[in-house]
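# Breakdown of the fold
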Amino acid sequence: MFVSDCLSVNEKGHLTIGGYDTVSLAQEFSTPLFVMDEEKIRKTCRMYQNSLNTYYQGRGMVLYASKAFSCKEMCRIIAEEGLGLDVVSGGELYTALQAGFPTERIHFHGNNKTEEELIFALEHDVGHFVVDNLTELETLDRLAAGQNKTANISLRIKPGIEAHTHEAVMTGQIDSKFGFALETGEAMEAVNFATRFRHVNLKGMHNHIGSQIFDIEPFQNAAKIMLEFMHQIRQEIGIVIEELNLGGGFGIKYVESDTPVPYGDYMKEISQVVYDTCEKLKFPVPYILMEPGRSIVGEAGITLYRVGGIKEIPNIRTYVSVDGGMTDNPRYALYQSPYSVVVANKASQPAAKKVTIAGKCCESGDLIQEHTMIQEVEVGDTLAVLSTGAYHYSMASHYNRICKPAVVMIRDSEPRVIIKRETYADLIRNDL
Ligand SMILES: *Cc1c(COP(=O)(O)O)cnc(C)c1O
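Here the structure is a predicted model, which means the values were calculated and not measured.

Before going further, it helps to examine a negative patch on the surface. Taken together, the side chains of E28, E39, D412 and E414 define an acidic patch exposed on the protein surface. Mapped onto the secondary structure, E28 falls in helix α1 (residues 22-29).

And the structure:
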């Protein structure tokens, strides 16, 4: 009935998440509020890990792309589930370290890691660096030498794939700021270059073709292209690259018409391509890494708002204003992302009213959804926007000096705060 299986309706007709009444949550913890279902997150982690075990003899590791949602508790959950972690900044790394995340399972990404970030990561023995460009390669080698260390690296490759998704989240094509291009010979040059450095250990090749992708085919093509490149490296340079990182990008359900591939099937199909290609090329089967972010947390989270005002503009539209907006959800403004919206206290009623959900920021573009169908709505109702577990809290801002919401995690039908709501005092903490 809803886009995520952690949502339901109780006997009062209220929306529930992880078995807990969302209307009570809004009362207890105030709004806007992010709520996440821990069981759903853990189940998805296990599904990915199990699919690697089932279809690839466990010869791989799942890394959670923490940029989707990063906080100490999330890092602890991922650590407990035995997954690795992607970080793309010193801040995400710091969060992981503060949560006691095992550093050997951390992979450091980013197209412009600063020297300070690289030094910080080397000091903490981060397990793996995904190198984006030649400048970084040189810098990393020099900084690792300075600490008398050898950094495990892989190279980020643009396989030349245009996955079917929004342009802003497409990353595998040649015109992308990320990584080395294959077609131009840049990638091979980078491999050559990397082999000459003594303080980096070239272990793998990495690619990530984009986000919110529903087809398996672009992933299969990317895997094939990457293996062919690894084969070419062996022939031309004489080294065998042992690891292949296939990135993340698996789509999730925001609205009914979204049809994500079951994550277990993904690994089944990809394993087949990897095995077949390796056999054809007589290339040793590599260790596989994959990096889901959105699909681990996205459907596990919702945002709760309180309806403050309703403005009917005859023959044009009805604006329903909520107590949050682009500060906690910039995705509609950025990508016109579709969402399912539910009046949480009337969740069993039919969605018969067409409305536009507006935020409270001083921007006409501060909308969460336009022309969407929801239940008959009144001031004071609790509004739930679904599938907001990924790229919402992590993309939140302080525009208009709006405090960031709290995040509540539900486990065994019990809610607990994992990120406190910000206060006005937090907003001026660094003001002088
Ligand atoms: C963003 C990103 C991911 C995760 O993508 P999702 O769409 O959230 O699964 C994985 N790997 C890299 C390198 C990324 O930049």
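There's more to say after this.
Let us now look at unusual backbone geometry. For the bond from T31 to P32, the omega torsion is -10°, close enough to zero to count as cis. The backbone of K282 sits at a positive phi, close to 50°, despite the residue not being glycine. Topologically, K282 is positioned in the loop between α9 (263-281) and β13 (287-290). Under the relative-accessibility criterion, K282 is labelled exposed at 68%.

This part covers the packing of helix α4 (residues 90-98) against helix α5 (residues 115-123). Packed helices, taken two at a time, are described by the angle between their axes plus the distance between the axes. Remark: α4 packs on α5, axes separated minimally by 10 Å, with the N-to-C direction vectors making an angle of 20°. Comparing the axis directions of α4 and α5 gives the class roughly parallel. Where α4 crosses over α5, the two elements pack in a sense that is left-handed. Contacts from G90, L93, Y94 and L97 in α4 reach E117, F120 and A121 in α5. Within the contact of α4 with α5, the residues separate by chemical class into five nonpolar, one polar and one charged.

Counted as a void, the largest pocket has a volume near 760 Å³. If you go around the largest pocket, you meet 35 residues; those closest to its centre are K67, V88, F178, H208 and Y391. Broken down by secondary-structure element, the contributors of at least two residues to the lining of the largest pocket are β6 (84-87), α10 (294-297) and α11 (331-335). Of the residues in the lining of the largest pocket, the class split is 11 nonpolar, 14 polar and 10 charged.

Our next topic: helix α7 (residues 186-195). Burial in α7 covers these residues: A187, M188, A190, V191 and A194. Here the buried residues of α7 occupy an arc of 155° about the axis, which is enough to place them on one side. Lining the buried residues of α7 we find α6 (134-146), β9 (151-158), β10 (180-181), β11 (200-206) and α8 (217-237).

This part covers the site of the ligand. Around the ligand sit 15 residues in total, of which K67, S211, E291, R294 and Y391 are the nearest. A distance of 2.3 Å separates an oxygen atom of the ligand from a polar side-chain atom of S211. Here an oxygen atom of the ligand and a side-chain polar atom of Y391 are 2.6 Å apart. About the coverage of the ligand: the protein hides 93% of its 380 Å² of free accessible area. Applying the majority rule of atoms within 2 Å of the grid points places the ligand in the largest pocket. Here the shell around the ligand is composed, by residue class, of three nonpolar, seven polar and five charged.

Attention now goes to the packing of α6 against α7. At a minimum axis distance of 11 Å, the contact between α6 and α7 shows a crossing angle of 10°. Put simply, α6 runs roughly parallel to α7. Together, L134, L137 and E138 of α6 and E189, A190, F193 and A194 of α7 make up the contact between the two elements. Residue composition of the contact of α6 with α7, grouped by class: five nonpolar, no polar and two charged.

Here the focus is the sheet that holds strand β3 (residues 20-21). Adjacent strands of a sheet pair through backbone hydrogen bonds, lying either parallel or antiparallel. One open sheet holds the three strands; their spatial order is β1-β2-β3, and the pairing between them is antiparallel. What marks the edges here is a single partner per strand, and that holds for β1 (7-9) and β3. One ladder, built from two bridges, connects strand β2 (residues 15-17) with β3; its direction is antiparallel. Bridging from a neighbouring strand, T16 pairs with D21 of β3.

A few words now on empty space enclosed by the protein. Applying the stated criterion across every chain yields a total of two cavities of 30 Å³ or more. Estimated volume of the largest cavity: approximately 60 Å³. Lining the largest cavity are I213, F214, D215, I216, F219, F250, G251, V261, Y263 and Y266. Of the residues assigned to the lining of the largest cavity, the class counts are eight nonpolar, one polar and one charged. Considered as a void within the structure, the second largest cavity measures approximately 30 Å³ in volume. For the lining of the second largest cavity, the secondary structure elements donating two or more residues are β11 and β12 (243-245). With three residues, β12 is the single largest residue contributor to the lining of the second largest cavity.

What counts, and at which threshold
Residues numbered from 1 in each chain as written. Predicted model: local features only at pLDDT ≥ 70, side-chain atom pairs only at ≥ 80, totals over all residues. Heavy atoms only, no water. Patch = residues over 30% accessible without salt bridge, like charges linked within 9 Å, V, L, I, M, F, W, Y side chains within 5 Å. Areas by Shrake-Rupley, 256 points an atom, 1.4 Å probe, with all protein chains shown as cover. Salt bridge = Lys/Arg side-chain N within 4 Å of Asp/Glu carboxyl O. Lys, Arg positive; Asp, Glu negative; His and termini not counted. Charge placed at Lys NZ, Arg CZ, Asp CG, Glu CD. Helix = DSSP H or I, 4+ residues; strand = E, 2+ residues; numbered from the N terminus. Buried < 20%, exposed > 50% of the residue type's maximum accessible area, 1.4 Å probe, protein only. Axes fitted to C-alpha atoms, helices over the stretch in contact; angles between N-to-C directions. Parallel < 35°, antiparallel > 145°, perpendicular 65-115°, else oblique. Left-handed = near helix turned anticlockwise from the far one by under 90°. Contact = heavy atoms within 4.5 Å. Nonpolar A, V, L, I, M, F, W, Y, C, P; charged D, E, K, R; others polar. 1 Å grid on protein atoms, 1.4 Å probe; cavity = no way out; pocket = protein on both sides within 12 Å on 5 of 7 lines; lining within 4 Å. Points joined across faces, edges and corners; volume = space filled by probe spheres on them. Arc of directions from axis to C-beta. Near = heavy atom within 4 Å. Polar contact = N/O pair within 3.5 Å; in protein donor to acceptor, adjacent residues only side chain to side chain. Sits in = over half its atoms within 2 Å of the grid points. Pairing = 2+ DSSP bridges.

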